[in-house]
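Spelled out from the first residue to the last, the chains are:
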Amino acid sequence: MSSNSFPYNEQSGGGEATELGQEATSTISPSGAFGLFSSDLKKNEDLKQMLESNKDSAKLDAMKRIVGMIAKGKNASELFPAVVKNVASKNIEIKKLVYVYLVRYAEEQQDLALLSISTFQRALKDPNQLIRASALRVLSSIRVPIIVPIMMLAIKEASADLSPYVRKNAAHAIQKLYSLDPEQKEMLIEVIEKLLKDKSTLVAGSVVMAFEEVCPDRIDLIHKNYRKLCNLLVDVEEWGQVVIIHMLTRYARTQFVSPWKEGDELEDNGKNFYESDDDQKEKTDKKKKPYTMDPDHRLLIRNTKPLLQSRNAAVVMAVAQLYWHISPKSEAGIISKSLVRLLRSNREVQYIVLQNIATMSIQRKGMFEPYLKSFYVRSTDPTMIKTLKLEILTNLANEANISTLLREFQTYVKSQDKQFAAATIQTIGRCATNILEVTDTCLNGLVCLLSNRDEIVVAESVVVIKKLLQMQPAQHGEIIKHMAKLLDSITVPVARASILWLIGENCERVPKIAPDVLRKMAKSFTSEDDLVKLQILNLGAKLYLTNSKQTKLLTQYILNLGKYDQNYDIRDRTRFIRQLIVPNVKSGALSKYAKKIFLAQKPAPLLESPFKDRDHFQLGTLSHTLNIKATGYLELSNWPEVAPDPSVRNVEVIELAKEWTPAGKAKQENSAKKFYSESEEEEDSSDSSSDSESESGSESGEQGESGEEGDSNEDSSEDSSSEQDSESGRESGLENKRTAKRNSKAKGKSDSEDGEKENEKSKTSDSSNDESSSIEDSSSDSESESEPESESESRRVTKVSTPAFVPTKTHVLLHRMSGKGLAAHYFFPRQPCIFGDKMVSIQITLNNTTDRKIENIHIGEKKLPIGMKMHVFNPIDSLEPEGSITVSMGIDFCDSTQTASFQLCTKDDCFNVNIQPPVGELLLPVAMSEKDFKKEQGVLTGMNETSAVIIAAPQNFTPSVIFQKVVNVANVGAVPSGQDNIHRFAAKTVHSGSLMLVTVELKEGSTAQLIINTEKTVIGSVLLRELKPVLSQG
């Protein structure tokens, strides 16, 4: 900030009140009462004056501060006039920042932006590609119909730009222009068609996105570019990959026949009695014709396979849905492992992935059965994740694993999360209906839950038991009697209604209990919930028809109460029942059939998965997540009966000659191929001559000749070729290599990102092979990423060891007096944190010392120092009187003993609490040999070493006493020592992983030297201060 004030002082005439004293400016201002506001105004005046300065350094500082304000979410729109004046600045750095600002605010300040439109048009011709691209972005951000022709012209020019970055921005601008003026669609489609032919990986994703927005139905534009897009896919940036994969999934469903018909040939071949021999022969010929996958179909499946290992969850999900929708069922299984890997991501990603797995697991259980334990619920999972995991476990349940799952479900029922416990009971009910062998077991288990103290659990159990009893009512009279007794204690309306319905349906099996239940219900009729009242009326009607002698008066009493009820549904039901069951002159013909109407056999309810109907939506889409068709959703078409002509995807030789290579390609040295045998090298040199030297680094060396070996097999059988593919990292390279070997030589011009031109020898082919006809060399970035990391082999990896057992030290977080009856204590379990590698694990025990429930216990506002992070526990719905619960948290203390301050809140109150970690808890023990210890200690000398002399009685210097004292203070691991007088301990800091080496060297007499070696000198000195008194005392 101080550097920013110098140019301001020079321009303003050297006023004393600089930025260092904003308080001073507020006191000097004439409106003292509004000093706070005048301070802000002064600050913006300061920036305006800097922008009007003659010095570029002042303007640059001002622009940096303004962009910083935008990044923090502050409103900087009032500076628009001052910023837009600098759009014509000759300083390239200022110009870039001005364009960043204008892209953000051009839509809001359209009138002012229009004043500078001539400047933007000039900038489209700027020699710097970043300025050209930024000018186009600003131009497309001005949402005024009057400049549509200018934007159209700019997009056309940019689409032919030498720089791929500018062409990428042209593709982005297409979507903005289309939303502003849809009438430009035809002209924009011409630009899209041109950009789809672009060979740059930078452009591919953006132009496909424009295609999806503007003309998703124009599949004909994709034909010629299909193979190129398949081959470029692995090198396109991540979000571009997602868009391309979704588009290619739709394309494949329109252009290839279904690969799922493979099992159809196994159907009965018997001849029909009346069928002629000719018909039979024709039918047999059809069946003899096996399914062969289109080579282009196989190309797409093979080239997307490596992306299952992408670090981006969206890419993995996109590939998974592609395999699900277009690959043979036998090959779709490979996606399950990748999807299970995504369950280690954050909860939002987990939610989407689990939703898709839930849909898949309904149709193909076998895919996810090996990973059953990955779907077990963790105590730290939020409720939405828990219920989805339950759904998947239900779908995967079968006779083999149901006993394991039921044991797991028993634990879930005891959960503090009541919504989850209720969902578990529903799950048990579904398992009981799906797997008949365990129906009785589940029913008995649910009956046991009826004695549970928690009313919600009991209520849900009643509802599920009701559904199960509908399937076999005759066998369970005792259960119905038991549930009738529960009416006195259960208050949840749904449960009460379920019990009454059950008794009404089985009133003839419990003739003594049913009338008594009706008597009790008649007493409480007026205070019952509407749902329960309706079931009381039904019960009365059924008993009137079956046991009129005992219940006639009771039923009439209930009907009179219902006649004057406030709810019109209940009044209508009362009138209907009275006319139906009480015969009189006005009764219609229906009265004769009253018994059949009320006591008809009801069909058992079908307990189905809520994900059963979602499979008609494309997986991974918003529509699938919401289970409704979202705006912009493009439906997957059904497979065609006969595949369209595949020759439309063949590319002419003339188009290949335009191939280009990004600048910065390393020339491939022959030495890179020495890894292979000499005979292979000779074969390669005779085949590709000197051209092999110009191939991309990612296509040679690593792949070598293995592409040629698989080539002959590939033509004979596409299905077998998928098995011959190497691992996913090399897959795309192999494809490129094979194609390159078959191509002949041609010359083409290429443009680089910097606008420079190079000549390159590229290979072309005039044959319409099944493989892609166009090759994109991988960019220099991907080349550097694909290099073997041999340099990092020598790096030492510190392995975390098991911590030594020490008595748990509990600290008070919130005293019961301060917390109005809520008490909280915390301790450090000394285990790696499950919420993050850099976090310290903390266990918090919450106690309710009051005689009432404490509801909604959660973490409120956090006041953490800069850099510190906290993973909070899930809110606790309620804590019973005298109840206790332990929850886990994670805090990244950034290797410091700074206090983490936050609020512990209940439904009614918030309490400020603090956690300050002892320095010893910021460490994790490390397993290390004596040799490694000495080596590391030799490195960490000088300023990284602190030491102190300890004086204590000899009995305090025995090995066991020293070990116990040190591990009590710090979470360190003992290092084996060959000398009796030296004791060594090693650990690493949780946040940064810096080593912490502790040595206790015994001297003659009753003295010892304590030495600590670490890069973290502050932590080292604090640990020394804490260890010294502990080791000194008797």
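Use the structure listed above.
The sections below set out a description of the structure shown in this document. (Residues numbered from 1 in each chain as written. Predicted model: local features only at pLDDT ≥ 70, side-chain atom pairs only at ≥ 80, totals over all residues. Heavy atoms only, no water.)

### Quick word on the side chain of Asn971
Tracing the chain through its elements places Asn971 in the loop between helix H43 (959-969) and strand E15 (973-975). Taking the relative accessible area as the measure of exposure, Asn971 reaches 2% and is therefore buried. Looking at Asn971, its side chain comes within polar contact range of the main-chain oxygen of Leu923, at 3.1 Å. Not counting chain neighbours up to four residues away, the residues in contact with Asn971 comprise Pro803, Arg830, Gly920, Leu923, Leu924, Pro925 and Ala987. (Helix = DSSP H or I, 4+ residues; strand = E, 2+ residues; numbered from the N terminus. Buried < 20%, exposed > 50% of the residue type's maximum accessible area, 1.4 Å probe, protein only. Polar contact = N/O pair within 3.5 Å; in protein donor to acceptor, adjacent residues only side chain to side chain. Contact = heavy atoms within 4.5 Å.)

### Observations regarding the sheet that holds strand E11 (residues 900-905)
Reading across from one edge, E9-E7-E11-E12 is the order of the four strands in this open sheet, with antiparallel pairing throughout. Strands at the two margins of the open sheet, each flanked by one partner only, are strand E9 (876-879) and strand E12 (910-915). On average, each strand axis in the sheet is inclined to that of its neighbour by 35°, with strand direction left out of account. With six bridges joining them, E11 and E12 adopt antiparallel strand pairing. (Pairing = 2+ DSSP bridges. Axes fitted to C-alpha atoms, helices over the stretch in contact; angles between N-to-C directions.)

### Observations concerning the sheet that holds strand E6 (residues 840-848)
With respect to topology, five strands assemble into an open sheet ordered E4-E5-E6-E10-E8, the strand pairing being antiparallel. On the outer flanks of this sheet lie strand E4 (811-814) and strand E8 (869-871), each paired with one strand and no other. Going from strand to strand, the sheet's axes swing by 30° on average, the running direction of each strand aside. As paired strands, E4 and strand E5 (residues 822-827) are joined by three bridges and run antiparallel to one another. Within E5, the position partnered with Leu814 by the bridge is Ala824.

### Focus: the state of the cysteines
Within this structure, the stated rule accounts for one disulfide. Between the sulfur atoms of Cys905 and its disulfide mate Cys910 the distance is 2.4 Å. On the sign convention where negative means left-handed, the S-S torsion of about 110° between Cys905 and Cys910 marks this disulfide as right-handed. Judged by its relative accessible area of 2%, Cys905 falls in the buried class. (Disulfide = S-S within 2.5 Å.)

### Examining the environment of Ile147
Along the chain, Ile147 falls in the loop between helix H9 (129-141) and helix H10 (148-159). Once residues within four sequence positions are removed from consideration, Ile147 is found in contact with Leu114, Ile117, Leu139 and Ile142.

### A word on the packing of aromatic side chains
Following the criterion strictly, the structure yields twelve aromatic pairs and no others. Following the ring pairs from residue to residue traces out a cluster consisting of Phe80, Tyr101 and Tyr105. The aromatic ring of Tyr105 is capped on one face by Arg104, whose charged end is 4.5 Å from the ring centroid. Between Lys466 and the ring centre of Trp501, over which it is positioned, the NZ or CZ distance is 5.0 Å. (Phe/Tyr/Trp six-rings, centres within 6.5 Å; stacked < 30°, edge-to-face > 60°. Lys NZ or Arg CZ within 6 Å of the ring centre and 35° of its normal.)

### As for unusual backbone geometry
In the Ramachandran plot, Glu882 falls in the positive-phi region, its phi being about 60° despite a non-glycine side chain. Along the chain, Glu882 falls in the loop between E9 and strand E10 (884-892). Overall, Glu882 belongs to the exposed group, its relative accessible area being 63%.

### Things to note about the pattern of salt bridges
Evaluated as defined, the whole model comprises 34 salt bridges. The partner of Asp46 in a salt bridge is Arg65, with the nearest N and O atoms 3.3 Å apart. With Asp46 in helix H3 (residues 35-51) and Arg65 in helix H4 (residues 56-71), the pair connects residues that are 19 residues apart, well separated along the chain. By relative accessible area, Asp46 is classed as buried at 4%. (Salt bridge = Lys/Arg side-chain N within 4 Å of Asp/Glu carboxyl O.)

### With respect to the nonpolar core
In terms of nonpolar packing, the biggest core is built from 190 residues, with Tyr101, Leu102, Leu339 and Phe375 touching the most fellow members. A total of eleven residues in this core trace back to one element, the largest contributor, which is helix H19 (residues 313-326). Leu102 has contacts with Phe80, Val84, Val87, Phe120 and Val138, leaving out every residue within four places of it along the chain. Core analysis: the next-biggest nonpolar cluster, separate from the first, contains 32 residues, Ile842, Val887, Phe902 and Ile915 among them. (Core = buried A, V, L, I, M, F, W, Y, C linked by side-chain atoms within 4.5 Å.)

### Side note on a nonpolar patch on the surface
Taken together, Leu590, Tyr593 and Ile597 make up a surface patch of nonpolar side chains, about 290 Å² in accessible area. Along the polypeptide, Leu590 turns up in the loop between helix H32 (568-581) and helix H33 (594-598). (Patch = residues over 30% accessible without salt bridge, like charges linked within 9 Å, V, L, I, M, F, W, Y side chains within 5 Å. Areas by Shrake-Rupley, 256 points an atom, 1.4 Å probe, with all protein chains shown as cover.)

### Section: H9
Compared with an ideal rise of 1.5 Å per residue, which puts 13 residues at 18 Å, H9 spans 18 Å between its outermost C-alpha atoms and is within 8% of the ideal. Of all the 13 residues making up H9, eleven are buried; the element is thus mostly covered by neighbouring parts of the structure. Along H9, the positions that sit buried rather than exposed are Gln129, Ile131, Arg132, Ala133, Ser134, Ala135, Leu136, Val138, Leu139, Ser140 and Ser141. Where H9 begins, the capping side chain belongs to Asn128, and its oxygen is found 2.7 Å from the backbone nitrogen of Leu130. (Expected span 1.5 Å × (residues − 1).)

### Observations regarding the packing of H10 against helix H11 (residues 164-180)
Contact geometry for H10 and H11: axes closest at 9 Å, N-to-C directions at 155°. Taken together, the axes of H10 and H11 lie roughly antiparallel to each other. Crossing hand, H10 versus H11: left-handed. Residues Val148, Met151, Met152, Ile155, Ala158 and Ser159 of H10 touch H11, and the partners they reach there are Val166, Arg167, Ala170, Ala173, Ile174, Leu177 and Leu180. Class assignment for the residues of the contact of H10 with H11 results in eleven nonpolar, one polar and one charged. (Parallel < 35°, antiparallel > 145°, perpendicular 65-115°, else oblique. Left-handed = near helix turned anticlockwise from the far one by under 90°. Nonpolar A, V, L, I, M, F, W, Y, C, P; charged D, E, K, R; others polar.)

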